[in-house]
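These are the residues of each chain, in order.
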Amino acid sequence: MNFSNYKKILLDASKDLTLQGIIINPSFSAELTNFSCQDSILITGIMSVDQTVSDIKFESSGCILSRGAASLLLANFLGKTLNYIKDFSEEDFLKIILVDDFSARKDCFLLGLNAIKNYKLIAQAK
Amino acid sequence: MNRHLKKSFSVFKLSPNLVYFDNAKTSYQPRYVLNKRSKLENKIEKLENNVTLKILQSKLIACKIRLAKFLHCNPDELFFFPQGSTSAINYVAMTMKIDNILISEVEHHANYLPWLANIKNVEILSLDTSSMSISLPTSKQLSNASLISISAKSNVIGNIWTNNYSDLKKIIELAHQNKCLVMIDAAQAILDPFFNLKTVPADIVVFSAHKIYGPTNLGVMFISKKIHTTINLPDQITETLPLISIANFNESLKFIKNKKVFGNLKKEKDLAQELINFLNTFEFVKIFSNQPGSIISFSIEKIHPHDLADLLRQQSIVVSSGNHCAKPLHDKLGIFSSVRISLGCYNDLSDVLKFKKGFIAACRFLGIM
């Protein structure tokens with residue numbers, strides 16, 4: 001059976017624990033709850049002195065698509081600047097998760113991206 | 001639920017593989033009902049305004065008579081046509097000057113939020129999760145409350161009243177003894193053959209047309225004549241009513257009667273039982289509906305309902321997932337969302353078989369089988 005939304009890359013990413021968790025004493029954090037389904041995500045990250053993301057983790061309760069997409073998204077942000085994150089568009093995101101469009105699950109796919117777009121700086125770069 | 005009923009709906013001709021199990025959200029309209037609507041629209045386009053109004057007024061009267069038969073009440077009772085049950089509840093919440101109301105834990109947000117926003121004291125009757133039934137109000141609660149607003153059927157767990165609404169009738173009788181009015185949200189129960197104003201003698205009953213093969217954006221609010229002085233009646237001028245939709249709904253009501261949708265509810269129970277028996281074979285499935293009926297909700301351990309629903313949808317099986325606008329009930333059940341199957345008149349055994357196959361394929365894909 002071919003399930004178009006559920007690409008292998010997303011399924012694998014949703015099971016990947018590398019970026020899952022919470023960073024104690026982060027430089028920035030972001031949090032969002034999807035109002036309609038109550039899925040939520042908490043992102044914490046560390047910025048190095050060269051203003052790039054040196055570590056990033058997320059903790060979420062949500063579906064495969066929101067967890068898988070968040071995992072792929074945050075892996076892509078490692079080593080990038082916060083300005084890069086700010087400018088990162090939905091079209092850029094589609095290329096990473098290898099789907100043609102978000103279809104009816106747009107809010108699931110975009111939970112992580114919408115969260116990190118409103119990050120809050122907590123501490124100085126380390 | 002005869003096989004030939006499917007032929008009355010265009011969608012199954014266009015998508016023969018479609019399994020539509022989301023009738024608690026909205027149902028399809030029969031083809032001939034839609035054709036009648038477009039014929040009526042074409043006809044009145046060519047007529048003068050006063051002739052048009054006369055035609056539509058006669059349809060309005062016919063619809064009210066049919067509704068009275070439908071609910072087993074007198075045709076001169078008061079029927080109003082809001083945009084849906086939600087707007088009807090909002091109307092009552094905003095216009096009735098009361099301080100205390102009783103609702104239940106299983107209510108849809110539409111029967112929750114208007115009261116929280118407008119009424120000072122909202123008391124909530126709790127759900128007994130072992131029997132999936134609502135606790136009876138205490139005499140103190142009844143003497144304090146001016147209104148009870150309660151569902152005749154939950155949009156998540158289905159039947160909550162036993163013995164053909166006899167326990168709900170008992171609550172209504174106790175409420176009336178305490179001079180407390182009763183409003184029933186019948187959005188999910190209105191097609192139940194046992195639901196009518198004899199079995200559930202409420203003062204106000206609201207429901208939406210689009211859930212019973214009628215048009216969208218149209219609801220029905222029955223207000224008993226006995227209470228017409230205690231409540232601000234909606235100011236509905238005939239000319240401003242959605243008369244085309246009302247005429248359309250009149251045809252839907254005819255369809256329900258002619259096609260014996262009511263008479264097929266035994267088959268609906270059989271299909272529900274078949275689905276429950278199937279789901280019960282899996283240890284990882286938890287079913288929340290206690291009685292076999294048109295609504296069955298369940299959750300799967302470690303699997304998000306959206307994922308299962310999406311994987312089923314990709315196999316042309318439409319179910320609902322989420323909290324179904326009943327978050328307090330989900331909190332009570334200790335879950336954040338669920339998968340809901342809701343049956344309609346066009347569902348048959350072939351749909352159940354397709355669901356079984358689709359469910360197994362989805363579970364295998366998710367690695368839990």
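Residues numbered from 1 in each chain as written. Chains lettered and ligands numbered in written order. Predicted model: local features only at pLDDT ≥ 70, side-chain atom pairs only at ≥ 80, totals over all residues. Heavy atoms only, no water.

The subject of this paragraph is the overall build of chain B. Of the regular secondary structure elements, chain B holds 13 helices and 15 strands. For 369 residues, the compact-globule estimate of 2.2 N^0.38 gives 21 Å, and the C-alpha radius of gyration of chain B, at 21 Å, lies within 12% of that figure. Counting only C-alpha atoms, chain B reaches 60 × 60 × 30 Å along its principal axes. For chain B, the residues scored as buried account for 57% of the 369 residues in total. Look at the contacts in chain B between residues 6 or more apart in sequence, and 68% of them connect residues 24 or more apart. Accessible surface, chain B as shown: approximately 15,900 Å² in total, 52% of it carbon and sulfur. Here chain B holds 44 positive side-chain charges and 29 negative ones, and the gap between their average locations is 7 Å. (Helix = DSSP H or I, 4+ residues; strand = E, 2+ residues; numbered from the N terminus. Rg over C-alpha atoms; globule rule 2.2 N^0.38 Å. Buried < 20%, exposed > 50% of the residue type's maximum accessible area, 1.4 Å probe, protein only. Contact = heavy atoms within 4.5 Å. Areas by Shrake-Rupley, 256 points an atom, 1.4 Å probe, with all protein chains shown as cover. Lys, Arg positive; Asp, Glu negative; His and termini not counted. Charge placed at Lys NZ, Arg CZ, Asp CG, Glu CD.)

Bringing the interface of chain A and chain B into the picture now. Across the boundary between the two partners, chain A contributes 17 residues, which contact 14 residues of chain B. Between chain A and chain B the total buried area reaches about 1,400 Å² when both faces are included, carbon and sulfur atoms providing 60% of it. Summed over the three residues of chain A that lose the most area to chain B, namely Phe3, Tyr6 and Gln38 of chain A, the buried surface amounts to 39% of that side. At the junction of chain A and chain B, the tally comes to two salt bridges. Linking Arg105 of chain A and Asp310 of chain B is a salt bridge whose minimum nitrogen-to-oxygen distance equals 2.5 Å. If you look at where chain A meets chain B, you find six residue pairs in polar contact (both at pLDDT 80 or more). Tallied by class, the residues present in the side of chain A that touches chain B amount to nine nonpolar, six polar and two charged. (Buried area = accessible area lost by both parts, 1.4 Å probe. Salt bridge = Lys/Arg side-chain N within 4 Å of Asp/Glu carboxyl O. Polar contact = N/O pair within 3.5 Å; in protein donor to acceptor, adjacent residues only side chain to side chain. Nonpolar A, V, L, I, M, F, W, Y, C, P; charged D, E, K, R; others polar.)

Do not read the predicted coordinates in detail wherever pLDDT is low. Here chain B shows a mean pLDDT of 93. Residues at 70 or above account for 98%. The ipTM value of the predicted complex is 0.85, and its pTM value is 0.92. (pLDDT = per-residue confidence, 0-100.)

All right, on to the sheet that holds strand β2 (residues 78-80) of chain B then. All names here are of chain B. In spatial order, the strands read β2-β10-β9-β8-β7-β3-β4; together these seven strands make up an open sheet with mixed pairing. Sheet topology places β2 and β4 (121-125) at the edges, where each strand pairs with a single neighbour. Pairs of neighbouring strands in the sheet enclose a mean axial angle of 20°, with direction left out of account. As paired strands, strand β3 (residues 100-104) and strand β7 (residues 147-151) are joined by two bridges and run parallel to one another. Each residue of the ladder has a partner; that of Ile101, found in β7, is Leu147. (Pairing = 2+ DSSP bridges. Axes fitted to C-alpha atoms, helices over the stretch in contact; angles between N-to-C directions.)

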